[in-house]
Amino acid sequence: APTLRRGTGYEGWLSSYVEQLVEQCPPDDADLIVAGHPLDAVTDAKLFERYPNLHVVPHTTTIDLLELVDCVISDYSTIALSAGLLGKPVLHFVPDIETYRVSPGLNVDVLEDERIVASANAQEIMRAALDCEMRNRAQEGYWAFTSEYFANDCTNATRRIAAFVADLL
């Protein structure tokens with residue numbers, strides 16, 4: 001479930017990143033479901049022919065798929081926070097992190113936080129996704145991260161937003 005990328009150097013990026021992951025995903029052990037950004041799609045249809053364990057679920061939002069999956073692999077997408085709040089193991093596949101750090105920039109550098117399982121290497125990410133013990137460690141670490149990230153009072157959000165808007169008026 002990656003975030004959207006636009007600009008020079010990102011042509012075909014999603015197909016490339018997906019292929020790196022699915023090459024490390026044994027077809028008898030797991031399925032890789034791609035839930036790209038609504039404005040982006042895996043453009044290489046041949047990938048789905050070559051890899052029978054690679055799927056896209058059409059007409060379904062990423063958020064709706066979260067309940068159904070065993071593990072979420074993302075990059076810098078905020079969908080990872082939603083997955084973390086649901087208690088899903090979250091792994092970060094970040095092959096372009098050096099470029100992404102510069103533009104558009106990161107709110108959280110996933111390679112810098114020891115609680116987060118992240119790598120630019122597809123083999124490492126898929127190994128973690130397929131290994132139960134590593135997936136459990138990823139789940140615990142990401143739960144600790146999301147718990148701290150959302151440690152502020154999250155109650156009465158609607159009331160607080162309305163009060164903020166009313167103050168602006």
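Predicted, not measured: the structure shown is a model, and the values here were computed from it.

1. Quick look at the nonpolar core
Right, on to step 1. Core analysis: the biggest nonpolar cluster contains 43 residues, and Leu-21, Leu-54, Ile-73 and Leu-91 have the highest contact counts within it.
Right, on to step 2. Those elements giving two or more residues to this core turn out to be helix H1 (13-22), strand S1 (32-34), strand S3 (72-74), helix H4 (79-85), strand S4 (90-93), helix H5 (97-102), helix H6 (122-130) and helix H7 (132-149).
Right, on to step 3. Residue contacts for Leu-54: discarding those within four places in its chain leaves Val-18, Val-22, Leu-32, Val-34, Leu-47 and Phe-48.

2. Observations regarding the environment of Ala-1
Right, on to step 1. Here Ala-1 lies in the segment before H1.
Right, on to step 2. With a relative accessible area of 18%, Ala-1 lands in the buried category.
Right, on to step 3. C-alpha separation for the pair Ala-1 and Val-18, spaced 17 residues apart in sequence, amounts to 10.0 Å.
Right, on to step 4. Setting aside residues up to four positions removed in sequence, Ala-1 forms contacts with Ala-35, Thr-62, Ile-73, Ser-74, Asp-75, Ser-77 and Ile-79.

3. Overview of the packing of aromatic side chains
Right, on to step 1. Enumeration according to the criterion identifies six aromatic pairs in this entry.
Right, on to step 2. Summarising the aromatic geometry, the rings of Tyr-149 and Phe-150 are spaced 5.1 Å apart at their centres and angled 75° between planes, so their arrangement reads as edge-to-face.
Right, on to step 3. You can call Tyr-149 partly exposed: its relative accessible area is 40%.
Right, on to step 4. Assessed through its relative accessible area of 31%, Phe-150 is described here as partly exposed.
Right, on to step 5. Members of the aromatic cluster, each reached through a chain of ring pairs, are Tyr-142, Phe-145, Tyr-149 and Phe-150.

4. Structural notes on the side chain of Asn-53
Right, on to step 1. Looking at the element boundaries, Asn-53 is found in the loop between helix H2 (46-50) and strand S2 (54-56).
Right, on to step 2. Using a relative accessible area of 2% as the deciding quantity, one classes Asn-53 as buried.
Right, on to step 3. Reaching out from Asn-53, the side chain makes a polar contact with the backbone oxygen of Cys-25 at a distance of 3.0 Å.
Right, on to step 4. Here Asn-53 is in contact with Val-22, Cys-25, Pro-26, Pro-27, Ala-30, Asp-31 and Leu-32, once residues within four sequence places are set aside.

Quick notes on the rules
Residues numbered from 1 in each chain as written. Predicted model: local features only at pLDDT ≥ 70, side-chain atom pairs only at ≥ 80, totals over all residues. Heavy atoms only, no water. Core = buried A, V, L, I, M, F, W, Y, C linked by side-chain atoms within 4.5 Å. Buried < 20%, exposed > 50% of the residue type's maximum accessible area, 1.4 Å probe, protein only. Helix = DSSP H or I, 4+ residues; strand = E, 2+ residues; numbered from the N terminus. Contact = heavy atoms within 4.5 Å. Phe/Tyr/Trp six-rings, centres within 6.5 Å; stacked < 30°, edge-to-face > 60°. Polar contact = N/O pair within 3.5 Å; in protein donor to acceptor, adjacent residues only side chain to side chain.

No statement about biological role is implied by the geometric values presented.
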